[in-house]
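Read off the chains here:
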Amino acid sequence: MRKIRIGVLGSGSGSNLQALLDAIRSDLLQAEIVLVLSDVADARILQRAKDAGIPAEWIDCFGNKNRFPEAVQQHVADRLVDAGVDLVCLAGFMRLIKSPILQRFSERIINIHPSLLPHFPGLEAWKQALDAGVTETGCTVHFVDEGMDTGTVILQAKVPIHSDDDSLSLHQRIQQQEHLIYPQAVRLVAARLGFAV
Ligand code: GRF
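Residues numbered from 1 in each chain as written. Predicted model: local features only at pLDDT ≥ 70, side-chain atom pairs only at ≥ 80, totals over all residues. Heavy atoms only, no water.

Notes on the sheet that holds strand β1 (residues 4-10)
Here is step 1: On the basis of which strands lie adjacent, the open sheet formed by seven strands has the order β3-β2-β1-β4-β5-β6-β7 and mixed pairing. Here the strands that pair on one side only, and so sit at the sheet edges, are β3 (56-58) and β7 (153-160). Taken over all neighbouring pairs, the strand axes of this sheet differ in orientation by 20° on average, direction set aside.
Here is step 2: Its contacts with the sheet put helix α6 (residues 167-193) on β1, β4 (87-90), β5 (109-113), β6 (136-143) and β7, and the angle it makes with β7 is roughly 160°. (Pairing = 2+ DSSP bridges. Helix = DSSP H or I, 4+ residues; strand = E, 2+ residues; numbered from the N terminus. Axes fitted to C-alpha atoms, helices over the stretch in contact; angles between N-to-C directions. Contact = heavy atoms within 4.5 Å.)

So, the layout of surface pockets
Here is step 1: Space inside the largest pocket adds up to approximately 860 Å³.
Here is step 2: If you trace the largest pocket, you find 35 residues lining it, with G92, F93, M94, I112 and L123 closest to the centre.
Here is step 3: Those elements giving two or more residues to the lining of the largest pocket turn out to be α1 (15-25), β5, α5 (125-132) and α6.
Here is step 4: Here the lining of the largest pocket is built from residues that sort into 13 nonpolar, 16 polar and six charged.
Here is step 5: Quantified by volume, the second largest pocket comes out at close to 160 Å³.
Here is step 6: Together, A19, A23, L28, L29, H179, L180, P183, Q184 and R187 line the second largest pocket.
Here is step 7: Elements that contribute at least two residues to the lining of the second largest pocket include exactly α1 and α6.
Here is step 8: Per element, the largest residue contribution to the lining of the second largest pocket is five residues, and it comes from α6. (1 Å grid on protein atoms, 1.4 Å probe; cavity = no way out; pocket = protein on both sides within 12 Å on 5 of 7 lines; lining within 4 Å. Points joined across faces, edges and corners; volume = space filled by probe spheres on them. Nonpolar A, V, L, I, M, F, W, Y, C, P; charged D, E, K, R; others polar.)

Here's the deal with the pairing of β1
Here is step 1: For β1, the buried fraction is high: six of the seven residues fall into the buried class.
Here is step 2: For β1 and strand β2 (residues 31-38), the ladder comprises seven bridges, and the chain directions are parallel. From the neighbouring strand, G7 faces β2, where its bridge partner is L35.
Here is step 3: Note on the crossover from β1 through α1 to β2: the handedness is right-handed.
Here is step 4: Taken together, the four bridges between β1 and β4 define a ladder with parallel strand orientation. Note that in β4 the partner of I6 across the bridge is L87. (Buried < 20%, exposed > 50% of the residue type's maximum accessible area, 1.4 Å probe, protein only. Right-handed = clockwise from strand over helix to strand, strands pointing away.)

Focus on the pattern of salt bridges
Here is step 1: With the rule as written, the count across this model stands at nine salt bridges.
Here is step 2: Its salt-bridge partner being R5, residue E32 comes within 3.8 Å of it at the nearest N-O pair. A residue pair is termed long-range when its members are at least 10 positions apart, and E32 in strand β2 and R5 in strand β1 qualify at 27 residues.
Here is step 3: In this structure E32 comes out as partly exposed when scored by relative accessible area, which is 39%. (Salt bridge = Lys/Arg side-chain N within 4 Å of Asp/Glu carboxyl O.)

Notes on the environment of C61
Here is step 1: By the element assignment, C61 lies in the loop between β3 and α3 (70-82).
Here is step 2: Note on C61: relative accessible area 4%, which makes it buried.
Here is step 3: Placed 47 residues apart in sequence, C61 and G14 show a C-alpha to C-alpha distance of 19 Å.
Here is step 4: Discounting chain neighbours no more than four positions away, the residues touching C61 are D39, R67, F68, P69, V72 and R95.

Brief notes about the nonpolar core
Here is step 1: The biggest cluster of nonpolar side chains holds 42 residues, and the ones touching the most others in it are V8, I33, V36, C89, I110, Y182 and V186.
Here is step 2: For this core, the element with the most residues is α6, which contributes eight residues.
Here is step 3: Excluding its chain neighbours within four sequence positions, the residues that come into contact with V186 are I6, L20, L29, L87, C89 and I110.
Here is step 4: Counting residues in hydrophobic clusters, the runner-up holds 22 residues, among them V34, I59, V85 and V88. (Core = buried A, V, L, I, M, F, W, Y, C linked by side-chain atoms within 4.5 Å.)

What follows is the structure in C-alpha cells.
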C-alpha cells in the first residue's frame, strides 16, 4: 500500500498545513504533501511549503478579488492531476471550489471549518458564534461539495466559549483543535480510500 499524496490549497498563514506536516514528520500520519497552491502571492502558507521543500505556487486569479474563474479552476485541477494528487485539502482557502476541480476530485476534497457545522457556515465563524451568544463552538473537517461548508462531516471537535473571550482568543482556541483533528481526518479518509495509514 502506498502513502496518500496530498495537495493543499490555502490563502493565509498555513498553520493547518504546518499541522499536517508535523503529523507526517512525527509518524502520526502516513502521507506526502506534494503541492501547495495559494491565491495570495505573499501568503505565509507558500513560505511554509517552501521551507519544507514542497513545490509551492501562486494561483493567479487575474485581479478577481473573490471569484475563482473557471479557466483558473481548470488550471488548478490540471496542476493537481499533474502532481499526482490523491486528496485535496483546503486549509483556509477563501474561494469557492466549482466543477472543474470538484469533478476531477470527486469525494476527494476536504476542508477544515472553524465551527460545529451545520452551525455558522461562511466567513469568521468564530465571530458568528460569539455574536450568537452560544457557550460552545468548535471545528469541523468535511467533504467539499458545491455548497458553502455543506458537505458530509468527517470529524468534529468541540471548543468551549468563555465569558471573557474575544475573536482572537476564541479563534486561537479553535485552531488548537483544528491542528489535532485535521491530520486525524486525513488519516480516516486515507484509510477509507485504501491508502497506507
Ligand atoms: C482556519 O481557522 C480554518 O478553519 C479556516 O481558515 C483558517 C485557516 O488558518 N477555514 P491557517 O491558514 O491554516 O492558519
